[in-house]
Amino acid sequence: MMLTSRKRQRRWLIATFALLVLVCGLAIAYYLKEAQRHVGADYTAMVTDVVRAQNGVSKLRMTLDSLRENQENLHLRQLDAMIKRIAQRAKTVRHLLRQSDLPRVDYTPLLEEIQLAEVRLSQMVQELMVTGDNELDVARLLRIGMGVEQSLAWAYSELNEVLHLASAAQRRLMQWLSTAVTGLLLLLVLVVGGLMLALMRIHQQREELLHQSQTDALTGLYNRRRMYQVSEQELARASRNGGSLGLVLIDLDHFKQINDIYGHPTGDAVLKAFADMLVKEIREVDLAVRMSGEEFAILMPCSDRSSTYTLAERIRKATMALKLPNNVTITASFGASATQDNSHTFDQLFSRTDKLLYKAKTLGRNRTEVS
């Protein structure tokens, strides 16, 4: 029973630890996956907006070149629409910069250059608002446009580099954080595993102490304390379900002479051999007990007087056939009895069986007396 409980406890702890390892592994995998997906995402979005703004600046250069060759109204309308798009994208980039976590010192010069370009864009819009007989000053428009193109091209190029560096730094930081989180989870697993191992050892020690408190150290049989515990359980079961509880008391005949003649080591060997034989002869549900010295008992659930007598006689004959050190031979006396109704207590059963054992010894030993 103790071994079964210990195995069950060990399996439960191992299963719990395995579940913990699985959960931590899944948590680490999910964290790393999400971190890989989100790391630098804000900077990547900003880079996309900057690249889109750069493309607009490149198209501005092409439009200005076309306007230099041909000043048709179509080109002017295209230029006006492009200036408005460039101004809107510049405003978006400025807003993203102010909302970002970038150090202000890294982008302040770039922000000033973008603001300067926005002022020049406003000037270009004013130059395009030509009405009446006023002629468009193409040279001035081209000069302002080239200034805008140079300012924004430089600012966006530098900003792109700053964003890539910031994204790389964020990835490195996330790698360190991922390593730290993984290490902490592994440490948690180790700590919990250590605690579970300690709990398992404490449980084993508790089971061993309980086993030692209920067994005889020399023979490995149960002791009187365990017999009384089991007897109360079996009597309660018999009261509920019907049946009877049998008891056999055994006393090895003239055992003191073996100790006196051959010494205590031989006496101990005889007791062990007798105990081993008892375990082989009884049923699995029976309980073999060493009461004290050379006195033994067998508790027999669901057994009547006939069953106790049959077992006692079988053990008596097996006792005489035991092969013992120094060619020692022994015999034993038996008292066998069983409860007659549910009103009997174990003390009453034990007292009656003990009297039968005394009677067997009085009548010559090496015999069984049954009630």
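Residues numbered from 1 in each chain as written. Predicted model: local features only at pLDDT ≥ 70, side-chain atom pairs only at ≥ 80, totals over all residues. Heavy atoms only, no water.

(A) Structural detail: the pattern of salt bridges. Counted according to the given criterion, the structure contains 12 salt bridges. Residue E118 is joined to R94 by a salt bridge in which the shortest nitrogen-to-oxygen separation is 2.6 Å. Within this pair, whereas E118 is found in helix α4 (residues 104–128), its partner R94 is found in helix α3 (residues 73–99), the two being separated by 24 residues in sequence. The buried category is assigned to R94, whose relative accessible area is 15%. We note a salt bridge from D260 to K256, for which the minimum N-O separation is 3.0 Å. Of this pair, D260 and K256 both sit in helix α7 (residues 255–262), four residues apart, which is roughly one turn of the helix. The class of D260 is exposed, set by a relative accessible area of 54%. Ionic contacts of the salt-bridge type, sharing partners, join the residues K359, R367 and E369 into one network. (Salt bridge = Lys/Arg side-chain N within 4 Å of Asp/Glu carboxyl O. Helix = DSSP H or I, 4+ residues; strand = E, 2+ residues; numbered from the N terminus. Buried < 20%, exposed > 50% of the residue type's maximum accessible area, 1.4 Å probe, protein only.)

(B) Spotlight on a nonpolar patch on the surface. Residues L19, L22, V23 and L26 make up a contiguous nonpolar surface patch of roughly 390 Å² in combined accessible area. Structurally, L22 can be placed in helix α1 (residues 2–38). (Patch = residues over 30% accessible without salt bridge, like charges linked within 9 Å, V, L, I, M, F, W, Y side chains within 5 Å. Areas by Shrake-Rupley, 256 points an atom, 1.4 Å probe, with all protein chains shown as cover.)

(C) Fine view of the sheet that holds strand β5 (residues 368–370). Overall, mixed pairing links the five strands, which are arranged β2-β3-β1-β4-β5 in an open sheet. Each of the sheet's edge strands pairs with one partner strand only, and the pair in question is β2 (287–292) and β5. When strand polarity is set aside, the average angle formed by the axes of neighbouring strands in this sheet is 20 degrees. When strand β4 (residues 332–338) meets β5, the two strands line up parallel, connected through three bridges. The partner of F334 across the bridge, within β5, is T368. The strands touched by helix α10 (residues 346–362) are β1 (245–252), β2, β3 (295–301), β4 and β5; relative to β4, the strand with the most contacts, the crossing angle is about 145 degrees. (Pairing = 2+ DSSP bridges. Axes fitted to C-alpha atoms, helices over the stretch in contact; angles between N-to-C directions. Contact = heavy atoms within 4.5 Å.)

(D) View of the pairing of β3. With six of seven residues buried, β3 lies mostly within the body of the structure. The hairpin formed by β2 and β3 contains two residues between the paired strands, and G293 there has a positive phi angle of roughly 55 degrees.

(E) Layout of the side chain of T339. Take T339: it is sitting in the loop between β4 and α10. At a separation of 2.9 Å, a polar atom in the side chain of T339 contacts the main-chain amide nitrogen of L245. Not counting residues within four places of it along the chain, the set of residues in contact with T339 comprises L235, S244, L245, H344, L349 and R352. (Polar contact = N/O pair within 3.5 Å; in protein donor to acceptor, adjacent residues only side chain to side chain.)

(F) Region of the structure containing the packing of helix α8 (residues 264–281) against helix α9 (residues 305–320). The contact between α8 and α9 brings their axes to 11 Å, and the two run at 140 degrees. Put simply, α8 runs oblique to α9. Judged by the sense of rotation from one axis to the other, the crossing of α8 with α9 is right-handed. Between α8, through F274, M277, L278 and E281, and α9, the contact on the second element is made entirely by L311, R314, I315, A318 and T319. Split by residue class, the contact of α8 with α9 holds six nonpolar, one polar and two charged. (Parallel < 35°, antiparallel > 145°, perpendicular 65-115°, else oblique. Left-handed = near helix turned anticlockwise from the far one by under 90°. Nonpolar A, V, L, I, M, F, W, Y, C, P; charged D, E, K, R; others polar.)

(G) Focus on the packing of aromatic side chains. This structure, assessed with the given rule, holds three aromatic pairs. Plain terms: the ring middles of Y228 and F346 are 5.1 Å apart, the flat faces sit at 80 degrees to each other, and that makes the pair edge-to-face. Of this pair, Y228 sits in helix α6 (residues 224–241) while F346 sits in helix α10, placing them 118 residues apart in sequence. Y228 gets classed as partly exposed once you look at its relative accessible area, which sits at 27%. Members of the aromatic cluster, each reached through a chain of ring pairs, are Y228, F346 and F350. The ring of Y222 is capped by R226, whose NZ or CZ atom sits 5.7 Å from the centre of that ring. (Phe/Tyr/Trp six-rings, centres within 6.5 Å; stacked < 30°, edge-to-face > 60°. Lys NZ or Arg CZ within 6 Å of the ring centre and 35° of its normal.)

(H) Expanded view of unusual backbone geometry. Not every positive phi belongs to a glycine, and N326 is a case in point at roughly 60 degrees. Within the secondary structure layout, N326 lies in the loop between α9 and β4. For N326, a relative accessible area of 47% gives the class partly exposed. Backbone geometry at N327 places phi at a positive 55 degrees, although glycine is not the residue there.

(I) The arrangement of α4 in detail. The end-to-end C-alpha distance of α4 is 35 Å, a good match for the 36 Å that 25 residues give at a rise of 1.5 Å each. Along α4, the residues classified as buried are Y107, L110, L111, I114, A117, E118, L121, M124, E127 and L128. (Expected span 1.5 Å × (residues − 1).)

Interpretation note: all reported values are geometric properties and have no functional meaning in isolation.
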